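These are the residues of each chain, in order.
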Amino acid sequence: MIHAAWHSCGSYQVNVSQLEAYRALGARTISVALMDAPAPRPPHGPRWEAYFAASADLPADKRYFCGPSRLAALSPSFLAHAWWRLIHGDQASWLVELAMRAALPLGLADEHIDLVHANHYFTLPFVARLLRGRNIPVMVETQDIQARQYILRNRGGFFLPPYVSYDDMLSIELEWMRAADLCIHLNEEERAEFARLLPQARHRLVYPAIAPVPCGPGGDHIIIVASDNYGNFVSLRWFLREVAPLAPGVEVEIYGNIDSGVKRLDKSLYESNRALFKGRVDDIGAVYAQAACVLLPTVEGHGLSVKAVEAMASGAPLIATRRAFRGMAIDPERLGNVILADEAADFAAALREIGQHREEGARDVSDTRRLYDDMFSPAAYARALHETAAPLLAR
């Protein structure tokens, strides 16, 4: 499995569930973590140190680590094809160029490989170098249209004109995906969009497995859990500016490394709400188990929300916008432990109500927990992954 060297985010949890599913199916698993920036040779440097510290639970039988060196990033070719494009916002080309320059870790080329599960299009240049023309099936898992994420990210950054367009970055993404034997997508909207964009490719919808969190007894805490990405920042900004002032006196705790994103992108907003941010914790399951309610104030973002599925797995009462359930073939109106609120006033009214009256009941039989078991549990994912990979291995 080839994946970005990311941690403390939804994509990392997807990677963990992939490896667990393959091992449950009897496979020997190899993880190759690809750094998405020039860095010292692993395990040195702050980026690798942070990744090693946060990824000790990655359940691979063998782990490799690689990425472009800082020396490679100073080459004239890299300056022209990567740095120059990046300062104009072209993150699609930037990541491809990084993957092209990542050295193969010692021993990886000697591994016996039957199947490659590549996460995100930008790992495919590295896959091509690893396989060197060998006829080994490659599945690429998209995890959203990345060009959309880049456009969102560019809104919060400083770039120079002429600015790269969405279509330019999407074309790079699609060109690399054409080399894969099968494209896996994590939600129905994504599958339909890629099927339209790449009609000649093979596509498969496979909902990801999200690690279960405890269906605890609940408690007094009203929580938000979010990782540091721009869509989450926009959503949390909406909550803090538009919703929270309408629910004075209701205490909310915010978990995850979104605190660093808010501090970076809107320091005044961070400072005025500093007490709410609890940062990343080692046992997020315990936080869910003690939560009276989980908030999903999602107003921005694309692709399946891993944090929304995680919240559903907890069985706790949820207050959510409809956008939190994007990409799921479900009707959230039918979920008895979910209050839907798309407007700030409605969200605040539900929050005030939860603040005064805490719901009780067995969370392991709640509507959201049953839905999680049927669609997003490790057992459901392993079944779907076997149905997807088996025909490629048998060819």
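What you are looking at is a predicted structure, and each value in this text was computed from that prediction instead of being measured. (Residues numbered from 1 in each chain as written. Predicted model: local features only at pLDDT ≥ 70, side-chain atom pairs only at ≥ 80, totals over all residues. Heavy atoms only, no water.)

## Some details on the sheet that holds strand β10 (residues 277–279)
Here comes step 1: Spatially, β10-β9-β8-β11-β12-β13 is the arrangement adopted by the six strands of the open sheet, whose pairing is parallel. Since the sheet does not close on itself, it has two edges, and those belong to β10 and β13 (338–340), each with one partner. This sheet shows a mean twist of 25 degrees between the axes of neighbouring strands, independent of strand direction.
Here comes step 2: By the bridge criterion, two bridges tie strand β9 (residues 252–255) to β10 in an arrangement that is parallel. (Pairing = 2+ DSSP bridges. Helix = DSSP H or I, 4+ residues; strand = E, 2+ residues; numbered from the N terminus. Axes fitted to C-alpha atoms, helices over the stretch in contact; angles between N-to-C directions.)

## With respect to a nonpolar patch on the surface
Here comes step 1: Residues Trp84, Ile87, Phe158 and Leu160 make up a contiguous nonpolar surface patch of roughly 460 Å² in combined accessible area.
Here comes step 2: With respect to the helices and strands, Leu160 occurs in the loop between α6 (146–155) and α7 (166–177).
Here comes step 3: With relative accessibility at 38%, the residue Leu160 sits in the partly exposed group. (Patch = residues over 30% accessible without salt bridge, like charges linked within 9 Å, V, L, I, M, F, W, Y side chains within 5 Å. Areas by Shrake-Rupley, 256 points an atom, 1.4 Å probe, with all protein chains shown as cover. Salt bridge = Lys/Arg side-chain N within 4 Å of Asp/Glu carboxyl O. Buried < 20%, exposed > 50% of the residue type's maximum accessible area, 1.4 Å probe, protein only.)

## Concerning the nonpolar core
Here comes step 1: Formed by 46 residues in total, the largest nonpolar core has its most connected members in Val32, Val116, Tyr121, Phe126 and Val127.
Here comes step 2: Here this core gets six residues from one element, more than from any other, and that element is helix α4 (residues 91–100).
Here comes step 3: Those residues in contact with Val32 that lie beyond four places of it in its chain are Met1, Ile2, His3, Tyr64, Cys66, Leu108 and Phe126.
Here comes step 4: Ile210, Ile223, Ala316 and Leu371 belong to the second-largest nonpolar core, a separate cluster that totals 32 residues. (Core = buried A, V, L, I, M, F, W, Y, C linked by side-chain atoms within 4.5 Å. Contact = heavy atoms within 4.5 Å.)

## A few points about the environment of Phe159
Here comes step 1: Structurally, the position occupied by Phe159 is in the loop between α6 and α7.
Here comes step 2: Spatially, the C-alpha atom of Phe159 lies 32 Å from that of Ala344, the residues being 185 residues apart in sequence.
Here comes step 3: If sequence neighbours within four positions are ignored, Phe159 has contacts with Leu86, Ile87, His88, Gly89, Gln91 and Asn154.

## Focus on the side chain of Ser31
Here comes step 1: Examined against the element boundaries, Ser31 turns out to sit in strand β2 (residues 30–34).
Here comes step 2: With residues up to four places along the chain from it excluded, the contact list for Ser31 reads Met1, His3, Leu19, Leu58, Ala60, Lys62, Arg63 and Tyr64.

## Comments concerning the packing of helix α9 (residues 230–243) against helix α10 (residues 258–265)
Here comes step 1: Running from amino to carboxyl end, α9 crosses α10 at an angle of 75 degrees, the nearest separation of the two axes being 10 Å. Taken together, the axis directions place α9 and α10 in an arrangement best described as roughly perpendicular. For the pair formed by α9 and α10, the contact residues are Tyr230, Asn232, Phe233 and Leu236 on the first element and Ile258, Gly261, Val262 and Leu265 on the second.
Here comes step 2: Per-class residue counts for the contact of α9 with α10 are six nonpolar, two polar and no charged. (Parallel < 35°, antiparallel > 145°, perpendicular 65-115°, else oblique. Nonpolar A, V, L, I, M, F, W, Y, C, P; charged D, E, K, R; others polar.)

## As for unusual backbone geometry
Here comes step 1: Here the amide bond leading from Pro42 into Pro43 is cis, since omega sits at 15 degrees, within 30 degrees of zero.
Here comes step 2: Counting through the fold element by element, Pro43 comes out in the loop between β2 and α2 (46–54).
Here comes step 3: Cis geometry is found at the peptide bond from Pro161 to Pro162, where omega equals 0 degrees.
Here comes step 4: Of note, Pro162 is situated in the loop between α6 and α7.
Here comes step 5: Its identity as a non-glycine residue notwithstanding, His120 has a phi of 75 degrees, on the positive side.

## Considering the environment of Phe52
Here comes step 1: Counting through the fold element by element, Phe52 comes out in helix α2.
Here comes step 2: The partly exposed category is assigned to Phe52, whose relative accessible area is 30%.
Here comes step 3: As a C-alpha pair, Phe52 and Leu170 span 118 residues in sequence and 31 Å in three-dimensional space.

## Concerning empty space enclosed by the protein
Take a probe with the size of a water molecule and roll it over the atoms, and the empty space left behind shows itself.
Here comes step 1: On inspection of all chains with the given rule, the structure shows two cavities of 30 Å³ or more.
Here comes step 2: Estimated volume of the largest cavity: approximately 40 Å³.
Here comes step 3: Lining of the largest cavity is provided by Ala4, Leu34, Met35, Asp36, Leu95, Leu98, Ala99 and Phe122.
Here comes step 4: Ranked by residues supplied to the lining of the largest cavity, first place goes to α4 with three residues.
Here comes step 5: Considered class by class, the residues forming the lining of the largest cavity number seven nonpolar, no polar and one charged. (1 Å grid on protein atoms, 1.4 Å probe; cavity = no way out; pocket = protein on both sides within 12 Å on 5 of 7 lines; lining within 4 Å. Points joined across faces, edges and corners; volume = space filled by probe spheres on them.)

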